[in-house]
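Below are the chains, spelled out letter by letter.
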Amino acid sequence: MTATMPLATLDRSPPPFFKQGPSAFTRLLFFAALAVFLMVADTRWKVTQPLRAVVATVLHPVEEALLAPSRWWDGLTHYFSGMDEARQMQARAQRLLTAQSERVMRMNQLERENARLRELLELRPRIEVGTRAAEVLYDAPDPFTRKVVIDQGSSQGVSLGAPVIDEAGVLGQVTRVYPLTAEVTLVTDKDAAVPVVNVRTQQRGVAYGTPQARGMELRFMAGNADVQVGDELQTSGLDGVYPAGLPVAKVLRVDRRADSAFARISLSTLAHADSTRHVLLLDPVGSRLPERPADAASAAASASDAASRHGKHHPAAAKTAASGAHP
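Residues numbered from 1 in each chain as written. Predicted model: local features only at pLDDT ≥ 70, side-chain atom pairs only at ≥ 80, totals over all residues. Heavy atoms only, no water.

1. Brief notes about empty space enclosed by the protein
Right, on to step 1. Here the structure, examined in full by the defined rule, presents one cavity of 30 Å³ or more.
Right, on to step 2. There is about 40 Å³ of room inside the largest cavity.
Right, on to step 3. Lining the largest cavity, in full, are Val196, Asn198, Gln203, Arg204, Gly205, Leu218, Met221, Val227 and Leu233.
Right, on to step 4. Broken down by secondary-structure element, the contributors of at least two residues to the lining of the largest cavity are strand S6 (193–198), strand S7 (204–210) and strand S8 (215–222). (1 Å grid on protein atoms, 1.4 Å probe; cavity = no way out; pocket = protein on both sides within 12 Å on 5 of 7 lines; lining within 4 Å. Points joined across faces, edges and corners; volume = space filled by probe spheres on them. Helix = DSSP H or I, 4+ residues; strand = E, 2+ residues; numbered from the N terminus.)

Here it is in structure tokens:
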């Protein structure tokens, strides 16, 4: 008969594989607290920043190697698509150049006819204004105005009141001049006013700036005035500052109110006041106006009269007035 082993001698302890330490809940709390501590320490003291830098440096060549095929494919695709786009742009540019050449030839002919008609009618010739390029440096620090500062000043010949335009239309007017910079008040400023004319109807008016809406408003127009949405407004040239024919704004909304004799007309400026970088400064029209013969004669007569009254005290003044009256 086989001998039976006493029950007391059996090993009741679990095998090493099934041995367990702290409970699962205890370990969950420990590792959760450790994770929170590491996150707080990394946020406050950047304890893992050196480790991250080392890992990023080591893995950078691997990332570059993995991204190389994708970059080569993107570059090849962009190359061929760029070639097609360049050919299309060249074709469009050639068509546009042909059309512009035709328009330039017709414009030259119209300018010559206009000059001859003005000579026949003895009208004053159109004023040719001088221009100079400038760059916008920054917006003016005053939050209640709409002004920018440009990199041209009195040292470069900028004069007070000079109109400023961009490639789309009238941007504003020089209101302060410093030796190396100048301050430009935009047409959307609350104090800005530009005499305009409706291209469609040739009706004149004055556009005022509305800084709240970053636009303009055509004020004091009758409620039944012929103004439509989409009408383009250009400078009329009646103020002696802006040359005639410069684009200013388009009619955005017309509100004909029954309780008012005037219509409320909102305008959208054509110039890119918030994004433009390079602008063009024009000489004020008033500085280029030729002196009329009648005005010159009256000025000479006044000078001669003054010289005759005071000639006995200032003989040199009489001689100067006479020479000025009879060049």
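Next comes the rest of the account.
2. Regarding the pairing of strand S12 (residues 278–282)
Right, on to step 1. Alignment of strand S1 (residues 131–139) against S12, held across five bridges, turns out to be antiparallel. Directly across from Glu135, in S12, lies its bridge partner His278. (Pairing = 2+ DSSP bridges.)

3. Quick look at the sheet that holds strand S9 (residues 232–235)
Right, on to step 1. One closed barrel accounts for six strands, arranged S6-S7-S8-S11-S10-S9; its pairing is antiparallel. Neighbour to neighbour, the strand axes of the sheet diverge by 40° on average, direction disregarded.
Right, on to step 2. Bridging between S6 and S9 involves three bridges; their strand directions are antiparallel. Across the sheet, Asn198 pairs through a bridge with Leu233, a residue of S9. (Axes fitted to C-alpha atoms, helices over the stretch in contact; angles between N-to-C directions.)

4. As for the sheet that holds strand S4 (residues 170–177)
Right, on to step 1. Read around the closed barrel, six strands run S1-S2-S5-S4-S3-S12, paired in antiparallel fashion. Direction aside, neighbouring strands of the sheet carry axes that sit 45° apart on average.
Right, on to step 2. Where S4 lies against strand S5 (residues 182–186), five bridges are found, and the strand directions are antiparallel. In the strand pairing of S5, Val177 is matched with Ala182.

5. Considering the pattern of salt bridges
Right, on to step 1. Applying the stated criterion across every chain, the model contains twelve salt bridges.
Right, on to step 2. Glu183 serves as the salt-bridge partner of Lys147, at 3.5 Å between the closest nitrogen and oxygen. Placement of Lys147 in strand S2 (residues 147–150) and of Glu183 in strand S5 is noted, with a sequence separation of 36 residues between them.
Right, on to step 3. We note a salt bridge from Arg264 to Glu217, for which the minimum N-O separation is 3.4 Å. One end of the pair, Arg264, is in strand S11 (residues 262–269); the other, Glu217, is in strand S8, and 47 residues separate them in sequence.
Right, on to step 4. Glu217 sits in the buried class, given a relative accessible area of 16%. (Salt bridge = Lys/Arg side-chain N within 4 Å of Asp/Glu carboxyl O. Buried < 20%, exposed > 50% of the residue type's maximum accessible area, 1.4 Å probe, protein only.)

Honestly, that's just the spatial picture; any functional story needs more than this.
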